[in-house]
Amino acid sequence: MITVQSICLGLLAILGVYTLWLMRTGRLDAHVTVRWLLAEGAAFLSVLLWQWLPLFGFTSTLGDRELLMVLAVVFFALIAFLMLDCLVRISTHTHQVKLLTQELALLKEQVEFSKDNLSE
């Protein structure tokens, strides 16, 4: 039982490190990173304290508790990885839109400046 819990905690720790790495490389916005780290922390605590969660009190004693925990953590990790990938793309596009908006504003200012100089 301890090995299953250790594997699940390890997977969640790797996911947390990956999330931090995405933020440090600039591929994920800071406010999105904070939300994900909070969700990953909650999952980490759930796995750490799984024995006292009421959900596991309803399962049978046939050993399916470990299976349920492994499936839940693996499912969370896969969904989180896919969502983080999508969020990386959204963050990249947001950054590109900001740059394009700044360039457009500079071009408009340059055109207005040129019009003012021509009319004088």
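Not measured: the values here are computed from a predicted model.

As a further point, take the overall build of the protein. Scanning the protein from N- to C-terminus turns up four helices and zero strands. The linear arrangement of helices and strands in the protein, starting from the amino end, is α-α-α-α. Counting only residues that meet the buried cut, the protein has 22% of its 120 residues in that class. Partitioning the intrachain contacts of the protein with sequence separation of at least 6 by distance along the chain shows that 70% fall at a separation of at least 24. Counting only carbon and sulfur atoms, one obtains 71% of the accessible surface of the protein, whose full area is about 8,900 Å².

Under the definition given, this model contains two aromatic pairs. Pairwise contacts between aromatic rings join Y18, W21 and F81 into one cluster.

Cut-offs and rules
- The numbers attached to residues start from 1 for each chain and follow its sequence in the written order.
- In keeping with the predicted nature of the model, local features appear solely for residues at pLDDT of at least 70, side-chain atom pairs appear and are counted solely at 80 or more, and the whole-chain, interface and lining totals rest on all residues.
- Computation of side-chain values: all heavy atoms of the structure, hydrogens and water removed.
- Elements are defined by DSSP. Helices are runs of H or I of four residues or more, strands are runs of E of two residues or more, and each kind is numbered from the N terminus.
- For the exposure calls, accessible area comes from a 1.4 Å probe over protein chains only, and a residue counts as buried if that area is under 20% of its type's maximum, exposed if over 50%, partly exposed in between.
- The criterion used for residue contact is that any of the two residues' heavy atoms lie within 4.5 Å.
- Residue-level accessible areas treat just the shown protein chains as cover; the underlying method is Shrake-Rupley with a 1.4 Å probe.
- Planes of paired rings set the category: under 30 degrees apart is stacked, over 60 is edge-to-face and the rest tilted, where pairs are Phe, Tyr or Trp rings (Trp by its six-membered ring) whose centres lie within 6.5 Å.

Geometric values such as these leave the question of function open.
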